[in-house]
Amino acid sequence: EGETAVMALPGETVCVRAVAWDRRVVPGLEIGTDLGPQQATSGWKAIEVVDPSAEAEEKYEELDNVRGAVFRILEKQIRAQAINTLISRRETLDEASILADDIRTLQVDIQTSAITVVRSIGEADSRERLAIKTGLNQLAFGDMLQAIEQCDDLQGAETLDAATEVSEVLYPPQSDII
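About the thresholds
Residues numbered from 1 in each chain as written. Predicted model: local features only at pLDDT ≥ 70, side-chain atom pairs only at ≥ 80, totals over all residues. Heavy atoms only, no water. Axes fitted to C-alpha atoms, helices over the stretch in contact; angles between N-to-C directions. Helix = DSSP H or I, 4+ residues; strand = E, 2+ residues; numbered from the N terminus. Left-handed = near helix turned anticlockwise from the far one by under 90°. Contact = heavy atoms within 4.5 Å. Nonpolar A, V, L, I, M, F, W, Y, C, P; charged D, E, K, R; others polar. Patch = residues over 30% accessible without salt bridge, like charges linked within 9 Å, V, L, I, M, F, W, Y side chains within 5 Å. Areas by Shrake-Rupley, 256 points an atom, 1.4 Å probe, with all protein chains shown as cover. Salt bridge = Lys/Arg side-chain N within 4 Å of Asp/Glu carboxyl O. Lys, Arg positive; Asp, Glu negative; His and termini not counted. Charge placed at Lys NZ, Arg CZ, Asp CG, Glu CD. Buried < 20%, exposed > 50% of the residue type's maximum accessible area, 1.4 Å probe, protein only. Parallel < 35°, antiparallel > 145°, perpendicular 65-115°, else oblique. Core = buried A, V, L, I, M, F, W, Y, C linked by side-chain atoms within 4.5 Å.

A. Quick peek at the packing of helix 2 (residues 93-120) against helix 3 (residues 127-140). Interaxial distance between helix 2 and helix 3 falls to 9 Å at its minimum, and their mutual angle equals 145°. In this structure, the crossing between helix 2 and helix 3 has a hand that is left-handed. Taking contact as the criterion, the partners of Gln111, Ala114, Ile115, Val117, Val118 and Ser120 in helix 2 are, on helix 3, Arg129, Lys133, Leu136, Asn137 and Ala140. Counted by class, the contact of helix 2 with helix 3 contains six nonpolar, three polar and two charged residues.

And the structure:
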């Protein structure tokens, strides 16, 4: 009674609690007491008031960060594929082996980065972020893992011709990742 509603502003914290009464009225029991309505009260809960436009801006920034991370993964993958195309132009196995090491390092970094992005996206995120999460997760444990395994074969090649053959087998999964 006599309470006025006050509008809370964004950034402020409002404390609320629930108070409820039942409608019980039990007059004159044998023990000589009247049982009236009972009250139950919850504990206080603090609620921070958020500006809807600030919340939308924050979600946009988070999505932009995920897109940026995906773009960096794409750049690394293009670089790894470009290096892979150079193997067939090498004249010695030692030169090809150096490139194979570089490619494997990049492929591992690409998969690790993809897994990091996947883990950063929560289950309650937007549909777009969840779609990115699903796609990256499938790539990380599909084509990216296959590319790493083929890089292992590339590093183990004992002749320049064998390295060139493995390089050609590696190219399609790299394209699928892109």
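B. A negative patch on the surface, seen in detail. On the surface, Glu57, Glu58, Glu61, Glu62 and Asp64 cluster together into a negatively charged patch. Take Glu57: it is sitting in helix 1 (residues 52-86).

C. Structural context of the side chain of Lys76. Among the structural elements, Lys76 can be located in helix 1. Among all residues touching Lys76, those that are not within four sequence positions of it are Leu106, Asp109, Ile110 and Ser113.

D. Layout of the pattern of salt bridges. This structure, assessed with the given rule, holds three salt bridges. Across the pair Asp109 and Lys76 runs a salt bridge whose closest N-O atoms are separated by 2.7 Å. Of this pair, Asp109 sits in helix 2 while Lys76 sits in helix 1; the two residues are 33 residues apart in sequence, bridging distant segments of the chain. Residue Asp109 is classed as partly exposed on the basis of its relative accessible area, which comes to 31%.

E. Main features of the packing of helix 2 against helix 4 (residues 143-155). Packing of helix 2 against helix 4 leaves a shortest axis separation of 9 Å and a crossing angle of 160°. Judged by the inter-axis angle, helix 2 sits roughly antiparallel to helix 4. The hand of the helix 2/helix 4 crossing is left-handed. Across the interface between the two elements, Ala100, Asp101, Ile103, Arg104, Gln107, Val108, Ile110, Gln111 and Ala114 of helix 2 pack against Met144, Leu145, Ala147, Ile148, Cys151, Asp152, Leu154 and Gln155 of helix 4. Taken together, the residues that form the contact of helix 2 with helix 4 break down as eleven nonpolar, three polar and three charged.

F. Quick look at the side chain of Gln111. As for its position among the elements, Gln111 is in helix 2. Once residues within four sequence positions are removed from consideration, Gln111 is found in contact with Ala140, Phe141, Met144, Leu145 and Ile148.

G. Focus on the nonpolar core. Within the largest apolar cluster, 30 residues are counted, with the highest numbers of intra-cluster contacts made by Ile87, Ile103, Val117, Met144 and Leu154. Contributions of two or more residues to this core are made by helix 1, helix 2, helix 3, helix 4 and helix 5 (160-177). When residues of this core are assigned to their parent elements, the largest contribution, ten residues, is made by helix 2. Sequence-distant contacts of Ile103, that is, excluding residues within four places in its chain, are made with Ala80, Ile83, Asn84, Ile87, Cys151, Leu154, Leu170 and Gln174.

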